[in-house]
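Residue-level listing of the chains:
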Amino acid sequence: MNSYDNRQSDESYMRDALRLAVKAYEADEVPVGAIVVRAGKIIGRAYNQIELLKDATAHAEMLALTQAEAVVADWRLIDCDLYVTKEPCVMCAGALVHVRIRRLIFGCADPRSGAAGGRRIMILETYIFVHVVEKNHALACHRVMKRAARILGDQ
């Protein structure tokens, strides 16, 4: 797959994650959606459900990772990519390291609590861990994120 095809796939998966973020928004949750992809197939998808489940750990990333682990019947997601609409927090970034996710693609940085290199904390780039996650911030899906901002702003 060439880089153009990869970019097209990235944008397509990010659109799917954005649809999930809209579901979160409609449920009065922080509008974050996440998708786990393995070999071109979505194996985990979720949106924030913290208020619904009354669970502080029910972030979109955590729920999508749990689904993906069940699909592959292993806690290691070595050959999987995570698409998420917002930069992961410390908890989620730590989970990405532990599950050994191959690649993280996130839409917008979270300067207040992001931990994937957007501003303050860079857990994914800390080489004290056994596994380092490749990340791709903003991935050239700027158009998609602008559209999402308009959609969420209209509601």
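In the block above lies the structure referred to throughout.
Scope of this entry: the structure provided in the associated data block. Remember, it's a predicted structure, so these values are computed and weren't measured experimentally.

## Quick notes on the overall build of the protein
Regarding its fold elements, the protein presents 5 helices and 5 strands. The order of α-helices and β-strands along the protein, N terminus first, is α-β-β-α-α-β-α-β-β-α. Taken over 155 residues, the protein has a buried fraction of 44%. Counting every atom, the protein has about 8300 Å² of accessible surface; 53% of that belongs to carbon and sulfur.

## Topic: the pairing of strand S1 (residues 33–38)
Here S1 lies mainly inside the structure; 5 of its 6 residues are buried. Judged from the 6 bridges that link them, S1 and strand S2 (residues 41–47) form a sheet pairing that is antiparallel. From the neighbouring strand, Val 36 faces S2, where its bridge partner is Gly 44. Linkage of S1 to S2, two consecutive antiparallel strands, is achieved through a turn of 2 residues, within which Ala 39 is found at a positive phi near 50°. Across 5 bridges, the pairing between S1 and strand S3 (residues 80–86) is antiparallel. Within the sheet, the bridge partner assigned to Ile 35 lies in S3 and is Tyr 83.

## Considering the nonpolar core
Counting residues in hydrophobic clusters, the biggest one holds 21 residues, and the most contacted among them are Val 36, Leu 65, Leu 77, Leu 82, Val 84, Ile 101 and Leu 104. At 5 residues, helix H3 (residues 60–72) tops the list of elements feeding residues into this core. Discounting chain neighbours no more than four positions away, the residues touching Leu 65 are Val 36, Leu 77, Ala 95, Leu 96, Val 99 and Ile 101. Listed in part, the 9 residues of the second largest apolar core include Leu 18, Val 37, Tyr 83 and Ile 105.

## Re the pairing of S3
A regular strand carries its side chains on alternate faces of the sheet. Buried residues dominate S3, accounting for 6 of its 7 residues. As judged from the 5 bridges shared by S3 and strand S4 (residues 103–108), these two strands associate in the parallel manner. Among the inter-strand pairings, Tyr 83 is bridged to a residue of S4, identified as Ile 105. Handedness of the β-α-β unit built from S3, helix H4 (residues 90–98) and S4 comes out right-handed.

## Describing the pattern of salt bridges
Tallied over the full model, the rule gives 8 salt bridges. Linking Asp 110 and Lys 86 is a salt bridge whose minimum nitrogen-to-oxygen distance equals 3.4 Å. One end of the pair, Asp 110, is in the loop between S4 and strand S5 (134–137); the other, Lys 86, is in strand S3, with 24 residues separating them in the sequence. Taking the relative accessible area as the measure of exposure, Asp 110 reaches 8% and is therefore buried.

## Some words on the state of the cysteines
Scanning all chains against the criterion turns up 0 disulfides. As a non-bridged cysteine, Cys 92 has Cys 89 as the owner of its nearest cysteine sulfur, 3.8 Å distant.

## Observations concerning unusual backbone geometry
The backbone of Lys 54 shows a phi angle near 55°, a positive value even though the residue is not glycine. Note on placement: Lys 54 falls in the loop between helix H2 (50–53) and H3. Despite not being glycine, Ala 73 shows a phi value in the positive range, around 55°. Of note, Ala 73 is situated in the loop between H3 and S3.

Here is what the cut-offs are and how they apply
Residues numbered from 1 in each chain as written. Predicted model: local features only at pLDDT ≥ 70, side-chain atom pairs only at ≥ 80, totals over all residues. Heavy atoms only, no water. Helix = DSSP H or I, 4+ residues; strand = E, 2+ residues; numbered from the N terminus. Buried < 20%, exposed > 50% of the residue type's maximum accessible area, 1.4 Å probe, protein only. Areas by Shrake-Rupley, 256 points an atom, 1.4 Å probe, with all protein chains shown as cover. Pairing = 2+ DSSP bridges. Core = buried A, V, L, I, M, F, W, Y, C linked by side-chain atoms within 4.5 Å. Contact = heavy atoms within 4.5 Å. Right-handed = clockwise from strand over helix to strand, strands pointing away. Salt bridge = Lys/Arg side-chain N within 4 Å of Asp/Glu carboxyl O. Disulfide = S-S within 2.5 Å.

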